Amino acid sequence: MRVEDLDEPRTMPEAVAGNLDELRWLGIDWDEGPDVGGRFAPYRQSQRHALYQGALRRLQKLGRVFECYLSRRELRELASAPHGTAPAYGEDERRLNERIAERKRAEGKVPSLRLRVPDMELRFEDELFGSQRYDASIEIGDIVLRRADGAWAYQLAVVIDDAEMEIEEVVRGADLLASTAAQLLLFQALGHQPPSYFHVPLLLDEAGERLSKRRGSLTLASLRERGVAPQRVVGLLAYTLGFTEETAPLESEELLEQKTPEHLRREPYRLRQELLDWLESSG
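Residues numbered from 1 in each chain as written. Predicted model: local features only at pLDDT ≥ 70, side-chain atom pairs only at ≥ 80, totals over all residues. Heavy atoms only, no water.

A.B. asks: So what's going on with the overall build of the chain? Which residues, and what values?
C.D. replies: Within the chain, the secondary structure is distributed over 10 helices and 9 strands. Overall, the C-alpha framework of the chain stretches about 70 × 45 × 35 Å when taken along its three principal axes. The buried share of the chain, taken over its 283 residues, is 42%. Taking as baseline every contact in the chain between residues at least 6 positions apart, the subset at least 24 positions apart corresponds to 69%. (Helix = DSSP H or I, 4+ residues; strand = E, 2+ residues; numbered from the N terminus. Buried < 20%, exposed > 50% of the residue type's maximum accessible area, 1.4 Å probe, protein only. Contact = heavy atoms within 4.5 Å.)

A.B. asks: Give a description of the nonpolar core that names residues and reports values.
C.D. replies: Ranked by internal contacts, the top residues of the largest apolar core, which has 33 residues, are Leu59, Ile140, Ile143, Leu145, Leu156 and Leu186. Among the elements of the structure, α2 (49-61), β2 (112-115), β3 (121-126), α5 (136-140), β5 (143-146), α6 (154-164) and α7 (177-190) are those that each provide at least two residues to this core. Residue contributions to this core peak at 9 residues, all from α7. Counting residues in each nonpolar core, the second largest holds 23 residues, with Leu250, Leu264, Trp278 and Leu279 among its members. (Core = buried A, V, L, I, M, F, W, Y, C linked by side-chain atoms within 4.5 Å.)

A.B. asks: Break down unusual backbone geometry for me, with residues and values.
C.D. replies: Among all residues except glycine, the phi angle is most often negative; among peptide bonds, the trans geometry is most common. Between alanine 41 and the following residue, proline 42, the backbone shows a cis peptide bond with an omega angle of 0°. Assignment of secondary structure puts proline 42 in the loop between α1 (13-26) and α2. The residue glutamate 166 is not glycine, and still its phi comes out positive at about 55°. The class of glutamate 166 is partly exposed, set by a relative accessible area of 49%.

A.B. asks: Explain the pairing of β3 to me, and be specific about the residues and the numbers.
C.D. replies: Of the two faces of β3, the one lined by Leu122, Phe124 and Asp126 is fully buried and the one lined by Glu121, Arg123 and Glu125 carries no buried residue. When β3 meets strand β4 (residues 130-135), the two strands line up antiparallel, connected through 6 bridges. In the strand pairing of β4, phenylalanine 124 is matched with glutamine 132. Between β3 and β4, which pair antiparallel and follow one another directly, the connecting turn spans 3 residues. (Pairing = 2+ DSSP bridges.)

A.B. asks: Let's hear about the pairing of strand β7 (residues 196-200): which residues, and what values?
C.D. replies: For β7, the buried fraction is high: 4 of the 5 residues fall into the buried class. Note that strand β6 (residues 169-173) and β7 share 5 bridges and pair parallel. When the bridges of β7 are listed, arginine 172 appears paired with histidine 199. Each parallel crossover has a hand, and the one from β6 via α7 to β7 is right-handed. (Right-handed = clockwise from strand over helix to strand, strands pointing away.)

A.B. asks: Account for the packing of α2 against α7, with residues named and values stated.
C.D. replies: For the pair α2 and α7, the least separation of the axes is 10 Å and the interaxial angle reads 70°. It follows that α2 is roughly perpendicular to α7 by the angle criterion. Contacts between α2 and α7 pair Ala55, Arg58 and Leu59 from the former with Leu186, Ala189 and Leu190 from the latter. (Axes fitted to C-alpha atoms, helices over the stretch in contact; angles between N-to-C directions. Parallel < 35°, antiparallel > 145°, perpendicular 65-115°, else oblique.)

A.B. asks: Please give an account of the pattern of salt bridges that cites residues and values.
C.D. replies: In this structure the tally under the stated criterion is 20 salt bridges. Taking the shortest distance from any N to any O, the salt bridge between glutamate 67 and arginine 105 comes out at 3.8 Å. Pair noted here: glutamate 67 is in strand β1 (residues 65-68) and arginine 105 is in helix α4 (residues 91-106), with a separation of 38 residues, a long-range link. Looking at glutamate 67, the relative accessible area reads 38%, which means it is partly exposed. (Salt bridge = Lys/Arg side-chain N within 4 Å of Asp/Glu carboxyl O.)

A.B. asks: Quick one: what's the story with the sheet that holds β5, residue by residue and with numbers?
C.D. replies: As summarised here, the arrangement of the 3 strands in space is β1-β2-β5, forming an open sheet in which the pairing is antiparallel. Because the sheet does not close on itself, it has two edges, and the strands there are β1 and β5. Averaged over all pairs of adjacent strands, the angle between strand axes in this sheet comes to 45°, irrespective of strand direction. As judged from the 4 bridges shared by β1 and β2, these two strands associate in the antiparallel manner. The residue bridging phenylalanine 66 from the neighbouring strand is arginine 114, located in β2. Sheet contacts for α2: β1, β2 and β5; angle to β5, the most-contacted strand, approximately 125°.

Purely spatial values, then, with no claim about function.
In structure tokens:
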């Protein structure tokens, strides 16, 4: 169990404790983590800065890192320029950055640090979605390693943590396929062996939007407060992913006895009212 709390000012200790408690409520446990220790400690990213600094120095020695003085506003303006959109940080952004760098330095502007991405095609095999291809310079672009405010970028931190903790398998949402491509570029640059990846389709709300706390979507905390049994939550997730053919309460460990991954759905699943009614029923 790893706590990804890079944004330290916004990470509340009670929120972290609540997240861990919710996972236990679902029947998920772990052998290593911030609350139990383990040989890959510490398990909070906020306590692993020295590892990220060491990785940054290695990339700097390879000549792969450059200073970026473009603000988010400038990047947005460049992306909406008449000559076309810039889907990733590429040649247009580099040229503008070079033009303004001297002035920004004179003004005392602190730059972010980016990895210069090579012009290449990146390929990898996803365990569910199969072969994936990305044009690194067009679809991924130069990757932020450290923000202008000094905070470590998620992409660098997660790659270092996965490598240092000897992670072999990563399972996450299909909306992160492009993020995986960026992380693989970092694995290559640092000379680390990447894990295998298994991306799963998203669960959407009734309107077809991704579930989001910001939008007031369903949360484990709210379901628990309303007395929903954790077995029903697990059963609903199993059904919407395609593990089971009908809704039924399930213990987390029972999922190991269900269908193999090749039976899983590959399209996002939109929650229907009847499923929500079943979730909160007691029969």
